Amino acid sequence: MSESFPRMHARTRRFTLGVPRGFTVSPDRVLFLRSNSGVDAVTCLWELDLASGEERLLVDPLTLGSAEENLPPQERARRERARESAGGVVAYATDATARRIVFALSGALFLWESGTVRALATPGSIIDPRLSPDGARVAYVTGGALRVQTLDSGEDVEVAAEEGVTYGLAEFNAAEELGRMRGYWWSPAGDALLVARVDESPVQRWHIADPANPDREPAVVAYPAAGTPNADVQLFVHDLSGSRVEVPFTHEYLLNVLWDAHGLALVTLSRDQREMFLLKIDPATGASTVVRTDTDPAWVEPISGVPGHLSDGTLVWVADADGGRRLIIGDRPVTPPSLQVREVLDIDGDTVLFQASGEPSEIMLWTYAAGTLTPVVTEAGVYTGRRAGGVTVIAGQTLTSEGSSVRALRSDGTVLPIRSRSERPGLDLRISLLRAGSRGLSTAVLLPSWHVEGSKKLPVLMDPYGGPHAQRVVAANRPYLESQWWAEQGFAVIVTDGRGTPGRGPAWEREVLHDFTITLDDQVDALQSMPHPDLDLTRVAIRGWSFGGWLAALAVIRRPDVFHAAVAGAPVTDWRLYDTGYTERYLGDPTEGHYDRSSLLADAEKLERPLMIIHGLADDNVVAAHTLRLSSALLAAGRPHTVLPLSGVTHMTPQEVVAENLLHLQLDFLKKALG
């Protein structure tokens, strides 16, 4: 590899460019997204012919206009919520047969049909176009209004619009924390839409300025911090004839919508997230019936992909029962408590394709059909997939193979590969997966490829995320590439998933209720239980981003006897400044008194170790106020520290130069800090 790892890591968006994704399975082909190379950030639309196995390029954005995208603000926000770092055709939608495809590019609306791409006239920049199931119409959002265009005639009508509110878009909490990225849904017949009306007027306004450009107006963000009002979300069925029926629901959050041949259903969640309803809706009247209620004294975990229906209308659901997260068919659990269901990916007739974990580090694919559970893959790894018409697309990574593997499995057993064009990282993992400490914490240990056991002591770098909703210890190659690079610089790198992380069952996840600080105890426990004799526990650093950044700062502030230096990226320093959807689920209402224990501000005077804090000043998820308030508290306490502000950078840090140099600057800081 001619370029350095930090440079390639940045150019390739962490080696994700060129990897096939965004699959749609139809009877004769598989649609997917992929850029032309591992350093090309322009995503194209492709198809795999299921008869011949041939790949064909359907849409190359460079043939439709400039490579420089001019995105509407709402699309930029959507991509930030989706952690989308590439450009081009990053999302698309089809009709029921995938004969017609629509997508947005630089705010313009395009239609692919029969090998031809044409632009459709719209009154403004658009986002999130979606075809009706019959392919006759396309709905889209522009300027906060929902419109529908009839494709054959070109007639374009406004379905829902109102000054000061948006129609058809997901609000911040839904997109950032609850897994719902959309705000409208077509009826099966294509003659009506269920539309979310979002009024953000109750939400407090925060102003995110760009100090490097003081002539620019600050961005005004409606941010629902813990304990403050959320957006007001209402639902309406809009008939294309012009009538509108409200669909009232009592809970705070709308999690998911299913509108199929068996009817219209909603999943809603209470503000304290301890009660979830599955509602059956009469689209003609808006009347609702509670079909199922799930409750938990801590919180009910939202699961993607449900509700669903088998071909006869039998309900497909996921719920916690007997200590496990289980697939429910009708009202009967069909998976054992030892198999933790992660997500329902597709329902193909009477076959359910889903992700589940037996071993927490493995995310495997399974099907359920006619009373039988069947593993789709056997090699340990991390997999996802799609299924329709008996065809299954399997995408996955393993520890033993470099990069991602994607293949389509036809109903006759024929395997058709879908090629990845990602770059080779040029790093060979030297990794051990083990269970550490008294709790059997899932842990990965990475050593330098050049290290000879017993030859020297290695300083230690703890490299966790460590909190709810995310795992770092997985049986896949790519997630460890950055950690291995740190190992090559002379560190023994330890990655540990503590309590609260997914894959080990509901009780494990809920141990963080009202107290995030127990995740620090787990990092200490894992470190001090390491069986490797070459670890120098007198030189231990810790780094992390977001929750991991909070954890890194907490480590040097509260456990300086264990941790000797830290790099905290975009840390949440005061949980009262973080959003309602995430924070209230775990810490409850701020008035209940659980927030101070997990705050960094009151303990600033305890800092006695080197600490670097990094924060993007344009971050609208963990706003830069977190870092500035901690820095002020440290300064007031007379505690030296380093702050690295990143002008114009969001929570993702997608800019190549920023991402590359951040690794070098962190390395230089930690080497000096550890002597």
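Bear in mind that the values here come from a model prediction, so they are computed numbers and not experimental data.

### What about the overall build of the protein?
- The number of helices and strands found in the protein is ten helices and 44 strands.
- Once the C-alpha set of the protein is aligned to its principal axes, its extents read approximately 70 × 55 × 55 Å.
- Residue burial in the protein is summarised as follows: out of 675 residues, 58% are buried.
- By sequence separation, contacts in the protein at least 24 residues apart represent 59% of the contacts at least 6 residues apart.
- Only carbon and sulfur atoms are counted for the fraction: they give 49% of the accessible area of the protein, which is about 25600 Å².

### Focus: unusual backbone geometry
- Going from Val306 to Pro307, the amide bond is cis rather than trans, its omega being 10°.
- Structurally, Pro307 can be placed in the loop between strand E24 (288-295) and strand E25 (308-309).
- Here Arg13, not a glycine, exhibits a phi torsion of approximately 55°, which is positive.
- Along the chain, Arg13 turns up in the loop between helix H1 (5-11) and strand E1 (21-25).
- With relative accessibility at 17%, the residue Arg13 sits in the buried group.
- Positive phi outside glycine occurs at Ser114, with the angle close to 55°.
- Along the polypeptide, Ser114 turns up in the loop between strand E8 (108-113) and strand E9 (116-120).
- On the basis of relative accessibility, which here comes to 67%, the residue Ser114 falls in the exposed class.

### Focus on helix H4 (residues 481-488)
- Among the eight residues in H4, eight count as buried, and that is most of the element.
- Buried residues of H4: Leu481, Glu482, Ser483, Gln484, Trp485, Trp486, Ala487 and Glu488, and no others.
- On the buried face of H4, the contacting elements are H1, strand E38 (441-446), strand E39 (458-462), strand E40 (492-497), strand E41 (535-545) and helix H10 (656-673).
- Looking one or two places after H4, you find Gly490, whose phi comes out positive at around 115°.

### Let's talk about the UniProt feature "domain: Dipeptidylpeptidase IV N-terminal" (unreviewed entry) in the protein
- In the numbering used here, UniProt assigns the feature "domain: Dipeptidylpeptidase IV N-terminal" (unreviewed entry) to residues 113-361.
- End-to-end, the C-alpha atoms of residues 113-361 are 42 Å apart, and along that stretch the chain is 2% helix and 49% strand.

### Regarding the packing of H4 against H10
- At a closest axis distance of 12 Å, the pairing of H4 and H10 adopts a crossing angle of 40°. Considering the angle they form, H4 stands oblique to H10. Crossing hand, H4 versus H10: right-handed. Residues Glu482, Trp485 and Trp486 of H4 form the contact with H10, whose participating residues are Leu663, Gln666, Leu667 and Leu670.
- Along the lines of polarity and charge, the residues of the contact of H4 with H10 split into five nonpolar, one polar and one charged.

### Overview of helix H6 (residues 518-528)
- The buried fraction of H6 amounts to nine of the eleven residues, a majority that puts the element mostly inside the structure.
- Buried within H6 are the following residues: Ile518, Thr519, Leu520, Asp522, Gln523, Val524, Asp525, Ala526 and Leu527.
- Check the buried side of H6 and you find it contacts strand E37 (431-436), E38, E39, E40, E41 and helix H7 (547-558).

### Let's talk about the pattern of salt bridges
- Using the criterion set out here, one finds 52 salt bridges in the structure.
- For Glu3, the salt bridge is made with Arg11, and the minimal N-O distance between the two is 2.7 Å.
- What emerges from the salt-bridge pattern is a single network uniting Glu3, Arg7, Arg11, Arg13, Glu656 and Glu660.

### Here we look at the pairing of E41
- As paired elements, E39 and E41 share five bridges and run parallel to each other. Across the sheet, Leu461 pairs through a bridge with Ala541, a residue of E41.
- Following the backbone out of E41, through H7 and into the adjacent parallel strand E42 (residues 565-569), one traces a crossover that is right-handed.

### A short note on the pairing of strand E12 (residues 145-150)
- The buried count for E12 comes to five of six residues, which makes it a mostly enclosed element.
- Across six bridges, the pairing between strand E11 (residues 137-142) and E12 is antiparallel. Within E12, the residue paired with Val138 across the bridge is Gln149.
- When E12 meets strand E13 (residues 156-160), the two strands line up antiparallel, connected through four bridges. Bridge pairing in E13 links Leu146 to Ala160.
- Hairpin remark: E12 followed by E13, antiparallel, with five residues in the connecting loop; positive phi at Gly154, about 85°.

### Here's the deal with empty space enclosed by the protein
- Under the definition given, this model contains two cavities of 30 Å³ or more.
- Put simply, the largest cavity is a space of about 100 Å³.
- Around the largest cavity, the lining residues are Glu171, Phe172, Asn173, Glu200, Val203, Ala222, Pro224, Asn230, Ala231, Val233, Glu252 and Tyr253.
- Residues of the lining of the largest cavity, tallied by class, amount to seven nonpolar, two polar and three charged.
- By volume, the second largest cavity amounts to about 30 Å³.
- Lining the second largest cavity, in full, are Leu71, Pro72, Glu75, Arg79, Ala104, Leu105, Ser106, Gly107 and Ile126.
- Counting only elements with at least two residues in the lining of the second largest cavity, the list comes to helix H2 (73-82) and strand E7 (100-105).
- Split by residue class, the lining of the second largest cavity holds five nonpolar, two polar and two charged.

### What to know about the sheet that holds E9
- Overall, antiparallel pairing links the four strands, which are arranged E6-E7-E8-E9 in an open sheet. Each end of this open sheet is capped by a strand with a single partner; those strands are strand E6 (93-94) and E9.
- In the sheet, E7 pairs with E8 via six bridges, with the strands oriented antiparallel. Looking at E8, one finds that Leu105 is bridged to Ala108.

### A word on the packing of aromatic side chains
- Summed over all chains, the structure comprises 23 aromatic pairs.
- Pairing Phe516 with Tyr586 gives two aromatic rings, centres 5.9 Å apart and planes at 55°, and the pair type is tilted. One end of the pair, Phe516, is in the loop between helix H5 (506-509) and H6; the other, Tyr586, is in helix H8 (residues 580-587), with 70 residues separating them in the sequence.
- A relative accessible area of 1% means that Tyr586 is categorised as buried.
- Cluster of aromatic residues (ring-pair linked, three or more members): Trp299, Tyr465, Phe516, Phe547, Trp550, Trp575, Tyr578, Tyr582 and Tyr586.
- In this structure, Arg34 packs its charged tip against the face of Trp46, placed 4.2 Å from the ring centre.
- Stacked on the ring of Phe236, the Lys or Arg Arg244 has its end atom at 3.7 Å from the ring centre.

The rules behind each value
- Residues numbered from 1 in each chain as written.
- Predicted model: local features only at pLDDT ≥ 70, side-chain atom pairs only at ≥ 80, totals over all residues.
- Heavy atoms only, no water.
- Helix = DSSP H or I, 4+ residues; strand = E, 2+ residues; numbered from the N terminus.
- Buried < 20%, exposed > 50% of the residue type's maximum accessible area, 1.4 Å probe, protein only.
- Contact = heavy atoms within 4.5 Å.
- Areas by Shrake-Rupley, 256 points an atom, 1.4 Å probe, with all protein chains shown as cover.
- UniProt positions renumbered as here; feature names shortened; annotations may be inferred.
- Axes fitted to C-alpha atoms, helices over the stretch in contact; angles between N-to-C directions.
- Parallel < 35°, antiparallel > 145°, perpendicular 65-115°, else oblique.
- Left-handed = near helix turned anticlockwise from the far one by under 90°.
- Nonpolar A, V, L, I, M, F, W, Y, C, P; charged D, E, K, R; others polar.
- Salt bridge = Lys/Arg side-chain N within 4 Å of Asp/Glu carboxyl O.
- Pairing = 2+ DSSP bridges.
- Right-handed = clockwise from strand over helix to strand, strands pointing away.
- 1 Å grid on protein atoms, 1.4 Å probe; cavity = no way out; pocket = protein on both sides within 12 Å on 5 of 7 lines; lining within 4 Å.
- Points joined across faces, edges and corners; volume = space filled by probe spheres on them.
- Phe/Tyr/Trp six-rings, centres within 6.5 Å; stacked < 30°, edge-to-face > 60°.
- Lys NZ or Arg CZ within 6 Å of the ring centre and 35° of its normal.

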